[in-house]
Amino acid sequence: MNVYADNAATTKMSSIAIEAMLPYMQTVYGNPSSLHTAGQEAAEALVKARETMASLLGCEPREVYFTSGGSEADNQAILSAARIGARKNKRHIVSTAFEHHAVLHTLKKLEREGYEITLLDVHDNGMVSAAEVAAAIREDTCLVTTMYANNEIGSVLPIAEIGAVCRERGVLFHTDAVQAAGHLDIDVQAQNIDMLSLSAHKFHGPKGVGALYVRKGILITNLIEGGAQERGKRAGTENVPAIMGMAAAFADACAHREQNAAYMARLRDKLIAGLSQIPHSILNGDRDSRLPGNVNFCFEGIEGESLLLLLDQKGICASSGSACTSGSLEPSHVLLSIGRPHEIAHGSLRLSLCPENTEEEVDYMLTAIPEVVAYLRNMSPVWRDMVEGRKEFIIK
Ligand SMILES: *Cc1c(COP(=O)(O)O)cnc(C)c1O
């Protein structure tokens with residue numbers, strides 16, 4: 001059986017998204033900046049896509065900027081807020097220790113330029129509270145940036161409460177909602193969000209396209225200079241097919257959001273219940289405030305990489321963290337941020353579901369994973385030391 005359970009890394013494109021894109025590759029291929037009919041048809045399509053995105057986010061079309069994805073949107077939001085802050089001599093930014101690298105590395109860059117960054121600690125259940133954000137805000141804070149939902153451990157932060165705190169203190173609030181978009185409720189007005197990033201390939205749209213919502217009145221900075229596309233804030237001929245695919249995929253995800261979430265949460269809970277039976281295992285992330293499709297465990301005495309390779313041989317595509325950190329042997333900064341020791345953080349497994357996953361697939365994973373974990377433990381000298389009492393178990 002083949003099971004794709006790595007939807008937090010990327011998703012399969014839906015046929016709805018593909019069909020929405022095809023006309024813009026085959027017939028309506030004009031440049032939206034061209035004055036002729038072919039160009040103007042493409043420009044009209046962009047207007048429609050922007051309206052769709054805006055209505056789903058609860059904002060105005062002119063507050064939506066199309067980007068090349070979540071990373072670009074995160075970079076542009078944070079660098080813009082930093083420039084705005086610098087003009088008022090405010091160079092302090094509040095964020096969390098378990099953000100995506102698109103956020104963390106941008107903050108590192110600003111730190112080298114003289115900004116002061118406060119990265120809030122994450123509780124062992126993967127949560128950060130609005131009160132902790134409030135306590136970190138200072139007179140010179142120009143931005144709070146916290147993710148809506150974590151890509152590795154699935155914890156969902158109290159974004160509306162954090163937004164309310166920022167609004168009250170007059171600080172700009174950006175959220176990386178890449179994992180939340182299409183899965184959780186988004187309403188930038190009700191949630192007091194000033195800037196929000198999303199990425200199409202995380203909700204069954206195409207790769208290489210995303211959006212940045214920016215509340216009107218906030219003057220953002222270009223990352224890419226050139227033509228006057230995106231109201232002069234993001235140069236480059238628009239990727240019309242991808243943008244059309246994103247709008248269609250986002251509309252589809254939002255239309256079925258609650259029903260999909262309920263379905264995935266049921267499969268997720270079955271996986272969590274089953275994998276919890278494995279001795280010396282621990283769930284990462286909050287049990288309740290959790291993305292509907294996210295399962296993340298640490299298993300004592302094994303290496304995540306070996307687990308992934310053996311699962312792959314059994315047809316199961318999973319991850320041991322984010323796609324960005326695997327490839328390196330560094331343990332995940334997210335698991336370290338919730339206090340998992342290095343040895344444990346290495347033995348992690350993330351399964352991320354989508355509405356196409358089935359109960360049969362869950363049952364198959366619940367047979368395969370315990371087998372592979374037992375097999376790897378059998379070969380592990382560290383595990384033998386623990387079983388024979390020469391070394392303490394970390395996960396009791
Ligand atoms: C995937 C992801 C990103 C990056 O999005 P891209 O479109 O791949 O650049 C940023 N933040 C989070 C939380 C993500 O999961």
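Going by the structure above, here's the rest.
All of these numbers come straight from a predicted model, not from anything done at the bench.

Below, the discussion takes up the environment of Ser319. If you trace the backbone, Ser319 turns up in the loop between strand 11 (316-317) and helix 11 (333-337). Spatially, the C-alpha atoms of Ser319 and Glu305 are 8.7 Å apart, while their sequence positions differ by 14 residues.

Attention now moves to the pattern of salt bridges. In total, this model carries 23 salt bridges according to the counting rule given. Salt-bridge contacts for Arg350 lead to Asp6; the nearest nitrogen and oxygen are separated by 3.0 Å. Residue Arg350 is found in strand 12 (residues 348-352), and its partner Asp6 is found in the loop between strand 1 (3-4) and helix 1 (15-21); the two are separated by 344 residues along the sequence. Accessibility classification places Arg350 together with Asp6 in one group, the buried group. The closest approach of N and O atoms between Arg234 and Glu72, which form a salt bridge, is 2.8 Å. Pair noted here: Arg234 is in the loop between strand 8 (210-214) and helix 8 (240-255) and Glu72 is in helix 4 (residues 70-87), with a separation of 162 residues, a long-range link. A single salt-bridge network, built from bridges that share partners, covers Arg266, Lys270, Glu359 and Asp363.

Attention now moves to empty space enclosed by the protein. Counting across every chain of the model gives 3 cavities of 30 Å³ or more. Looking at the largest cavity, its volume works out to about 150 Å³. Lining the largest cavity are 16 residues, with Ala8, Gln179, His183, Ser352 and Leu353 positioned closest to its centre. Here the residues of the lining of the largest cavity are counted per class, giving 6 nonpolar, 9 polar and 1 charged.

Time to look at the site of the ligand. Taken together, 13 residues form the shell around the ligand, and within it Ser71, Asp176, Gln179, Ser199 and Lys202 come nearest. Gly70 is positioned with one of its backbone polar atoms (N or O) 2.8 Å from an oxygen atom of the ligand. In this structure, an oxygen atom belonging to the ligand sits 2.7 Å away from a side-chain N or O atom of Ser71. In isolation the ligand offers 380 Å² of accessible surface; the protein chains occlude 86% of this area. Examining the composition of the shell around the ligand, we find that 3 residues originate from one element, helix 4, more than from any other. Taken together, the residues of the shell around the ligand break down into 2 nonpolar, 8 polar and 3 charged.

Quick look at the sheet that holds strand 9 (residues 281-283) now. The sheet built from 3 strands is open, its strands ordered 9-10-12 with antiparallel pairing. If you trace the sheet from one side to the other, it starts and ends with strand 9 and strand 12, each paired once. Neighbour-to-neighbour, the strand axes of this sheet turn through a mean angle of 25 degrees, independent of strand direction. Note that strand 10 (residues 294-299) and strand 12 share 5 bridges and pair antiparallel. For Val295, the partnering residue across the bridge sits in strand 12 and is Leu351.

Per the counting criterion, the structure on display carries 3 aromatic pairs. Consider the rings of Phe297 and Phe299, whose centres lie 5.9 Å apart with planes at 5 degrees: the pair is stacked. Phe299 carries the same exposure label as Phe297, and that label is buried.

Taken across its 5 residues, strand 8 has 5 buried, putting it largely inside the fold. Across the two faces of strand 8 the burial is the same, with Gly210, Leu212 and Val214 and Ala211 and Tyr213 all buried. Bridging between strand 2 (residues 64-67) and strand 8 involves 4 bridges; their strand directions are antiparallel. Each bridged residue has a counterpart across the sheet, and for Val64 the counterpart in strand 8 is Tyr213. Sheet topology note: the strand 7 (residues 195-199)/strand 8 ladder contains 5 bridges and is antiparallel. Residue pairing in the sheet places Met195 in a bridge with Val214 of strand 8.

Cut-off values and rules
Residues numbered from 1 in each chain as written. Predicted model: local features only at pLDDT ≥ 70, side-chain atom pairs only at ≥ 80, totals over all residues. Heavy atoms only, no water. Helix = DSSP H or I, 4+ residues; strand = E, 2+ residues; numbered from the N terminus. Salt bridge = Lys/Arg side-chain N within 4 Å of Asp/Glu carboxyl O. Buried < 20%, exposed > 50% of the residue type's maximum accessible area, 1.4 Å probe, protein only. 1 Å grid on protein atoms, 1.4 Å probe; cavity = no way out; pocket = protein on both sides within 12 Å on 5 of 7 lines; lining within 4 Å. Points joined across faces, edges and corners; volume = space filled by probe spheres on them. Nonpolar A, V, L, I, M, F, W, Y, C, P; charged D, E, K, R; others polar. Near = heavy atom within 4 Å. Polar contact = N/O pair within 3.5 Å; in protein donor to acceptor, adjacent residues only side chain to side chain. Areas by Shrake-Rupley, 256 points an atom, 1.4 Å probe, with all protein chains shown as cover. Pairing = 2+ DSSP bridges. Axes fitted to C-alpha atoms, helices over the stretch in contact; angles between N-to-C directions. Phe/Tyr/Trp six-rings, centres within 6.5 Å; stacked < 30°, edge-to-face > 60°.

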